Number of protein chains: 4
Amino acid sequence: MNEHVSLLDRTLNSLRGAWRDSLRGAWRDIAASARGALTGQPRPELSREDAERLRVQLRDCLEGRGGEVSARARAADLGRTYLALNAVGRERFLRLLAVEFDIDHREVARLSAQIQSAADDFERRKIERTLRQALEPPRVKLLTQFNALPEGVKFLVDMRAELMRLGREDLKLAALEQDLKMLLSGWFDIGFLELGRITWDSPAALLEKLMLYEAVHEIRSWTDLKNRLEADRRCFAFFHPRMPQEPIIFVEVALTQGMSSNVQALLDESAPVGDPTQADTANFYSISNCQRGLWGISFGDFLIKRVVDMLAAELPHLKTYTTLSPIPGFGAWIEKRLAEEGDDLLTEEERAAVAAVPRGNEGFAALIAQPDWSADEVTAEAVKAPLTRLCARYLLTETTPSGRASDPVAHFHLSNGARIERINWRGDLSKKGLQQSFGMMINYLYRLGDIEENHEAYTGEGRIAASSAVTRLAKD
Amino acid sequence: MNEHVSLLDRTLNSLRGAWRDSLRGAWRDIAASARGALTGQPRPELSREDAERLRVQLRDCLEGRGGEVSARARAADLGRTYLALNAVGRERFLRLLAVEFDIDHREVARLSAQIQSAADDFERRKIERTLRQALEPPRVKLLTQFNALPEGVKFLVDMRAELMRLGREDLKLAALEQDLKMLLSGWFDIGFLELGRITWDSPAALLEKLMLYEAVHEIRSWTDLKNRLEADRRCFAFFHPRMPQEPIIFVEVALTQGMSSNVQALLDESAPVGDPTQADTANFYSISNCQRGLWGISFGDFLIKRVVDMLAAELPHLKTYTTLSPIPGFGAWIEKRLAEEGDDLLTEEERAAVAAVPRGNEGFAALIAQPDWSADEVTAEAVKAPLTRLCARYLLTETTPSGRASDPVAHFHLSNGARIERINWRGDLSKKGLQQSFGMMINYLYRLGDIEENHEAYTGEGRIAASSAVTRLAKD
Amino acid sequence: MNEHVSLLDRTLNSLRGAWRDSLRGAWRDIAASARGALTGQPRPELSREDAERLRVQLRDCLEGRGGEVSARARAADLGRTYLALNAVGRERFLRLLAVEFDIDHREVARLSAQIQSAADDFERRKIERTLRQALEPPRVKLLTQFNALPEGVKFLVDMRAELMRLGREDLKLAALEQDLKMLLSGWFDIGFLELGRITWDSPAALLEKLMLYEAVHEIRSWTDLKNRLEADRRCFAFFHPRMPQEPIIFVEVALTQGMSSNVQALLDESAPVGDPTQADTANFYSISNCQRGLWGISFGDFLIKRVVDMLAAELPHLKTYTTLSPIPGFGAWIEKRLAEEGDDLLTEEERAAVAAVPRGNEGFAALIAQPDWSADEVTAEAVKAPLTRLCARYLLTETTPSGRASDPVAHFHLSNGARIERINWRGDLSKKGLQQSFGMMINYLYRLGDIEENHEAYTGEGRIAASSAVTRLAKD
Amino acid sequence: MNEHVSLLDRTLNSLRGAWRDSLRGAWRDIAASARGALTGQPRPELSREDAERLRVQLRDCLEGRGGEVSARARAADLGRTYLALNAVGRERFLRLLAVEFDIDHREVARLSAQIQSAADDFERRKIERTLRQALEPPRVKLLTQFNALPEGVKFLVDMRAELMRLGREDLKLAALEQDLKMLLSGWFDIGFLELGRITWDSPAALLEKLMLYEAVHEIRSWTDLKNRLEADRRCFAFFHPRMPQEPIIFVEVALTQGMSSNVQALLDESAPVGDPTQADTANFYSISNCQRGLWGISFGDFLIKRVVDMLAAELPHLKTYTTLSPIPGFGAWIEKRLAEEGDDLLTEEERAAVAAVPRGNEGFAALIAQPDWSADEVTAEAVKAPLTRLCARYLLTETTPSGRASDPVAHFHLSNGARIERINWRGDLSKKGLQQSFGMMINYLYRLGDIEENHEAYTGEGRIAASSAVTRLAKD
């Protein structure tokens, strides 16, 4: 098997370049034979006349002039035009789509009025159906046609990313962005995504993208990356059939004996490689979304659970599925609390311990504001108790008005049905780790039997699941 | 290359069975661990209590109880329940979906009223967005969740086929059917379909399906099929990434020197195999839709043009792209005309020729009503002139009120931009061919440079493109 | 996974034709540019002048004229020449190879003499090395060069099949055949073979070959074949990387509860499909060698044991690995014995039982010589005891002078380490089954723990392993 | 296509790990059940008792004890034993093979004597056949059995590499090494090798090996490597079906307009990427053998010509196929000549030019011995004429006693049928380039129509093909 796979890899590689080009060529040829394509490439900033010609073109696409095949081929050509524009030109292009191919508000109003006076169920349904169509802006059909581009799906994903930036202050662009979100939500339904394992045998072009997209613990080099793909690691990603070179979201897992408590240990390239068949714990230590244009369409929960299934099937010795997660909101929260309440946040005992260390008399806030506090063992020992206690409290009690955990990572795992299992002191001593969370990391535990109940308790009643140790700590 | 491919085929085959099962298992396991699954399998006809429990289950899925992953797993389980029902049970299941998870008409009416009095553009847009959501029935979300089934897409396609039958007389089921159509239209966007070549090296399981789905010229045996996949033939189909074992539409092509004029010649298993590299003509002699549940979502035009591209790239000698097509509507049309007008349909000359043959005195209608008229050379010669002339007239002048060609096959190719090139006397002497069209077949010609213009002329002005020979014939 | 596999299948299929041709083209181009290729195609029977030109060509190949790449390309061209010859021409071609490119016997004699007088170890080794080279006929290099043909390995396998026929009466052709055997033995070392599973998803072109090659129980139709690939069956074959479209040997397995006792039951297309996960027994009911040209190079033992491994990994419920095998030699043996000894072969009791049935008075031999004896229940019951008893005796005691079991199937399984487990009365009621073995079949049992010991006992001491039931029967 | 490929890549990746292990497991299980396996792992240096047990084991393998399947499984186990030994242990293992499983010299002598007195052709052939078998040492069968290891072919290739080192001074180990060479020559027949294209989409694990094996122009980093795989580059390698993760030999090609004259320009990571479809020249600028254990089995010629075919098919604009090659022998040669003849090597004119530059009065040899001569433009200009002239002379006239070009790279390309086209001054200004060849590089031109003639002229008569420019230069 192994051998066939490799032989195939190479064979396919040989074919790839040629085919990619031929595929790209296919629609282009149709487009070229389509009459009325934009004569010449427009100027990068899309001048007024170019925009006018573009409007006509888009109208033609919408009406299917020359037949659907030609229309779509021409749409693909317009997509290429868009890619060749500069920032100004692209915004103009998008605005054109947003303004000129919007809903016909008068038609909507007319149908809405009719609905009030529908004669019977049959007529009402008919009007509703018409109204529903009227509420879908014509530009949605145009957006769909861009799918004819060889990398049309990625094209639309990136277009949405651009619109998310532009749309913040523009109602019409925001509406276009919402159209795209709806379209992409349908196409990126979880049922269409493919779970793929990524290894050191994966294409370098794909691995390079992991390095680019990793958002939690930066991948510093190819050696760092290789270490994360060793025999005692697993890496999985979701892919879309029409965006096969692009991971959508990926997770890195370390297989260990016992829950991992320190991320530097996991990333240490010189550490010996463990035996995966002897591991009892899978630690999800990094999960990164790769496509800004899919923001708000959620896959993380599905990814974790599918990976748990995969791992369970491959490695029957695994008993514990946990994360090793940052606490991105803790640093800011405690700073704010200290600014408001000062050392009153601490228990008497804690205050005494703090006061006893060098420079401790300047107070807790000052002590942990020192850039190198963690390097000094005495200081570190003194602040450990209050920091871990406050961390537990932060996670278990600090919620938004709508009842969600304030910390976004906590919210993600809690709504997935995990529970807060352990606070790891000195879990991430990187600069970022110290800034965000004073070096602490959390193990969120996924226990299959409890997931649904935890989820319901959290989303229904705002009840946060935690181990007794963490719960106790928060109460101290 | 070839060798790797074959090795791989076998390797993959070895893996297939096991993996298919493991995939099926994956969601099942999640579903099994989901609380509240239908206890036991309901009775095949879905009793009242079963239906009530089903309603609760569907409601839970809709609300995402236990988290989205669990909800979807449970939906997959309900999909399996549906598959185990009999006809009565399935109709009840569908009716439940249609009735209980319909649009909230009152909410729609309320929002429609609000729209009339929107304060400003911002507010109007907001209401429109809400209204649009309100017009999407909740059952659409449920239908989407069935996508979690390993063969979820096929599941929904087949469900629509069932609804098309049931919905003819039921407003609510028809509405559910329309929801499915919209959902599937998005998923089956042409951009997501894969063009695949089918050969004698294709899986037997796939070839078996061609035999089942061929709708124009029945495939009688494996030998017949093999003949259609010889070196001077091509067969292509569209596939969907999530329905890989199922062709959506396929086309059979014969590579010949000169346009083919007779389908029996093409299907003759004992005929020698031609040299494809010497062929100058590609004859599309059979095109079949495979999935009833995708009725109304059109691919044929795209298929023909993509195949033309593929063939042009592979075989630079090809100059002519044509069809060899039946005329399904001609038989019925002429029968009707003869019933109305009798032999007045014929020219004097034609009438004389007819009268001269044995039993010709009984008239033209009687003559061609004889089951074996075509076997008698004298008779056949006498009726050839009127039949071909009337056929030309039928194709060129017989239109529906909306201006489409009456013959459905003619309409399909004309709206694709082809032109009527040649009428082939004795083109299909099968029983079906004689019944439908007195044994005649048509070559529709696809000329790349004329396609758009033909399309526009036909769809815009109802102008039908034809060769001068056919045009002249129709005028006689 | 499943989906990717299918998508891939089709993609690869699309590529296949084109690539096959391009590969074939590659060497051909080189060959075409090679100077001095046979001018024009020789006449089919290879005339004297053609043969002379061929001799020169072969000599050029051997000397690597124009460089190794060109020489090999030209060899490929000569291979194509061979394929275009008729039977007479081919024999001339082969004879040319055998006679003109033989060992230089004088050189061998010279070196053999030298060896007698080698001065020291170093010199002796040097002569031995030279002698070894001299003993390898130059035609072996030529045969190897034919490997440059796209299907060069199959070419040589088929050439050997042809030589096996011709060489029976010709010393020199037999020597050429032996050269080929040595060459192929190296290339078909078991380590190079790939085990592949064959399913209904396998290419039709491959399945068609199974139908052709099945040697034990004829495959009558595609429906019959499909039945042998259902969910409760397995089919595996060995393939060579350079002969990927050609199975070398394949085995058919039925998964049942309990050992199968009747092959018609297994081949019954209307029988329900069992659940493979519930099966406890794997029955190897047909094993066929596919390539006559590999005669004498043995794979069957490896195939059975690799398949046992595969099945054990896939289906942990399997406990018993057995065959359901014919007894091809029994019919002829008993006929001979009856001719010699008559009814003395039977015990008194058996004779009495035989005498009691209609026509029984004509004796045992006459009774079982009736073509329809098995259809008559009374007769069948009467002859069951003597036939099964004699069958046991045949298998356990009838050996060749060299101590092998006389029955070739028995010898194959016994030397693999299996034991004779059960004689199945009415195990194969096909015409062939009744003729060969009076409808009986054998279960040979493969028990992993006993295989080595059974093998050693059989090959070392000629001891045949059998169940106590069969042993007892043989002693009656 | 592209998409399927990627999907597949990932799918396969997911399967890989598991399967690799399962394959490894397969034989191991059989081995484990084989009786008499080496009890426990021997000590790394293979003690005397271990060696004795090993001898018995090897003997059992040879005799096929327990059946061929078991014997081979046990051999695989012994292979693993070998891998676990240290250098001392391995040498002992190899010596055991070499000494104990050698040819039976007495038997050879006996048969050699018989041959002298063979009665007739039939008997002589029979003895010859027996003698041939006697001349094949039994250890060859053992070596073959190691092929049962999952990476058995690589195992034997590496074993030969080890023997090449050890065998230099040991007759018996050298004989074993020769056995391996013969075995590997058969297995690595060019007909079995697969040509694969390597791209940035290839597995990282494979690309990493390119970095390791590149022998001409060191790959300094992943960025350097990526640059060599850009759109205007091609990289191809030969692979063996049973060693799929290991390139055997690979070549790097740059597609340019006009012949490339400078390797630093090709390796410049910041240079713009050219358009391959516009290139007219393919420059083979690096070709590296990867497996020391295949030394003496030649593939380079085949590789170049197959790649030429591939490129010609892909890029019809290509007109020129050339190399950009080092001159590894020139530096040493000129040094020796200068030591012998001093500045007499130079023409009067050249001497004058040299004398005119700073430090030129110390003579030519001293001038070009300066480490930084090339950095000084005036000096460089002065030495250019003599160096290029002497280089031409070196290449065209300097031959070994057997008539081969002295320079190994020149010999390789000339015997492949290429001609010396151009000497590139300042073609490789790396430290290595300056040392080896004073910064010069050669374009060897492969012109399809001349290859055979060039080859014959060179190998037959020692005639070296060169462009008129180079020929003229050598005559100056």
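Treat the numbers as computed from the prediction; the structure is a model and nothing was measured.

**Looking at the relation of the copies chain B and chain A**
Piece 1. Superposing chain B onto chain A takes a rotation of 180° plus a shift of 0.0 Å along the axis, which leaves an RMSD of 0.1 Å. When the rotation and shift are considered jointly, the pair of chain copies conforms to a two-fold rotation axis. It is Ser112(B) whose C-alpha, among those of chain B, lies nearest the rotation axis, at 2.3 Å.
Piece 2. Both copies contact each other with a shared surface, as 100% of the interface residues of chain B are interface residues in chain A too.

**As for the sheet that holds strand E7 (residues 441-446) of chain B**
All names here are of chain B.
Piece 1. The mixed open sheet is built from seven strands, whose spatial order is E1-E2-E3-E4-E5-E7-E6. At either margin of the open sheet sits one strand with a lone partner, and together these are strand E1 (194-197) and strand E6 (419-424). On average, each strand axis in the sheet is inclined to that of its neighbour by 30°, with strand direction left out of account.
Piece 2. The pairing of E1 with strand E2 (residues 233-239) spans four bridges and is classified as antiparallel.

**Describing the sheet that holds strand E6 (residues 419-424) of chain A**
All names here are of chain A.
Piece 1. One open sheet holds the seven strands; their spatial order is E1-E2-E3-E4-E5-E7-E6, and the pairing between them is mixed. Taken across any chain shown, the strands that pair with only one partner, and hence form the sheet edges, are strand E1 (194-197) and E6. Sheet twist, expressed as the average angle between the axes of neighbouring strands with direction ignored, equals 30°.
Piece 2. Direction of pairing for strand E4 (residues 281-289) relative to strand E5 (residues 320-323): parallel, over a ladder of four bridges.

**Here we look at unusual backbone geometry**
All names here are of chain A.
Piece 1. Even without a glycine there, the phi angle at Arg426 is positive, about 55°.
Piece 2. The topology assignment puts Arg426 in the loop between E6 and helix H19 (431-437).
Piece 3. Given a relative accessible area of 34%, Arg426 falls into the partly exposed group.

**Regarding the pattern of salt bridges**
Piece 1. The full count for this structure, using the stated rule, is 169 salt bridges over all chains.
Piece 2. As a salt-bridge pair, Asp189(B) and Arg72(A) come within 2.8 Å of each other at their nearest N and O atoms. With Asp189(B) in the loop between helix H9 (171-187) and E1 and Arg72(A) in helix H3 (residues 68-84), the pair connects residues from two separate chains. The same class applies to Asp189(B) and to Arg72(A), which are both buried.
Piece 3. Salt-bridge contacts for Glu252(C) lead to Arg228(C); the nearest nitrogen and oxygen are separated by 3.1 Å. Of this pair, Glu252(C) sits in strand E3 (residues 249-256) while Arg228(C) is found in the loop between helix H11 (222-227) and strand E2 (233-239), placing the two residues 24 residues apart along the sequence.

**Let's talk about the side chain of Thr322(C)**
Residue and element names in this part refer to chain C.
Piece 1. Looking at the element boundaries, Thr322 is found in strand E5 (residues 320-323).
Piece 2. A relative accessible area of 0% means that Thr322 is categorised as buried.
Piece 3. Sequence-distant contacts of Thr322, defined by excluding residues within four places in its chain, comprise Met259, Thr281, Ala282, Asn283, Phe284, Asn443, Tyr444 and Leu445.

**Regarding the side chain of Arg74(B)**
Piece 1. Within the fold, Arg74(B) resides in helix H3 (residues 68-83).
Piece 2. Here the side chain of Arg74(B) touches Glu452(A) through a polar contact of 3.4 Å, side chain to side chain.

**Some thoughts on the environment of Leu396(B)**
All names here are of chain B.
Piece 1. With respect to the helices, strands and loops of the structure, Leu396 is situated in helix H17 (residues 377-397).
Piece 2. Each C-alpha atom of the pair Leu396 and Ile287 lies 22 Å from the other, and the pair is 109 residues apart in sequence.
Piece 3. Leu396 has contacts with Ile420, Ile464, Ala466, Val470, Thr471 and Ala474, leaving out every residue within four places of it along the chain.

**Details of the interface of chain B and chain A**
Piece 1. Chain B puts 66 residues into the contact, and the matching count from chain A is 66 residues.
Piece 2. Roughly 6000 Å² is buried in total at the junction of chain B and chain A, and carbon and sulfur atoms are behind 62% of that figure.
Piece 3. Of all residues in chain B, Arg125(B), Arg132(B) and Glu452(B) bury the most surface against chain A, accounting for 13% of the area lost on that side.
Piece 4. Our count for the chain B to chain A interface comes out at 12 salt bridges.
Piece 5. At the boundary of chain B and chain A, one finds 24 residue pairs in polar contact (both at pLDDT 80 or more).
Piece 6. Among the secondary structure elements, those contributing two or more residues to the side of chain B that touches chain A are helix H1 (2-33), H3, helix H5 (105-116), helix H6 (121-134), H9, helix H13 (300-314) and helix H20 (451-461) of chain B.
Piece 7. Counting residues per element, the side of chain B that touches chain A draws most heavily on H1(B), at 10 residues.
Piece 8. When grouped by side-chain class, the residues that make up the side of chain B that touches chain A number 28 nonpolar, 16 polar and 22 charged.

Conventions and cut-offs
- Residues take numbers from 1 onward in each chain, read along the sequence in its written order.
- The order in which chains are written sets their letters, starting at A; the order in which ligands are written sets their numbers, starting at 1.
- Restriction of local features to residues with pLDDT of at least 70 applies here, the model being predicted, together with a cutoff of 80 or more for giving and counting side-chain atom pairs; totals for whole chains, interfaces and linings are based on all residues.
- Calculated side-chain values reflect all of the structure's heavy atoms, with hydrogen atoms and water omitted.
- When the copies are superposed, the least-squares fit takes in the C-alpha atoms of residues with a pLDDT of at least 70 in both.
- Between two residues, a contact is recorded if the distance between any of their heavy atoms is within 4.5 Å.
- We call two strands paired when DSSP finds no fewer than two bridges between them.
- Secondary structure counts use DSSP, requiring at least four H or I residues in a row for a helix and at least two E residues in a row for a strand, with both numbered from the N terminus.
- Axes here refer to lines fitted to C-alpha atoms; in helices the fit is confined to the stretch in contact. Angles between the N-to-C directions go from 0 to 180 degrees.
- Per-residue accessibility, obtained with a 1.4 Å probe over protein chains only, is compared with the maximum for each type, and a residue is labelled buried under 20%, exposed over 50%, and partly exposed between these values.
- One side-chain nitrogen of Lys or Arg within 4 Å of one carboxyl oxygen of Asp or Glu is enough to make a salt bridge.
- Any pair of N or O atoms that falls within 3.5 Å is considered a polar contact. Within protein, one atom must be able to donate a hydrogen and the other to accept it, and sequence-neighbouring residues count only if both atoms are side-chain atoms.
- Once two parts are brought into contact, the accessible area they lose, counted with a 1.4 Å probe and summed over both, makes up the buried area.
- Residues were grouped as follows: Ala, Val, Leu, Ile, Met, Phe, Trp, Tyr, Cys and Pro as nonpolar; Asp, Glu, Lys and Arg as charged; and all remaining residues, including Gly, as polar.

Everything listed here is a matter of coordinates, which is why it stays silent on function.
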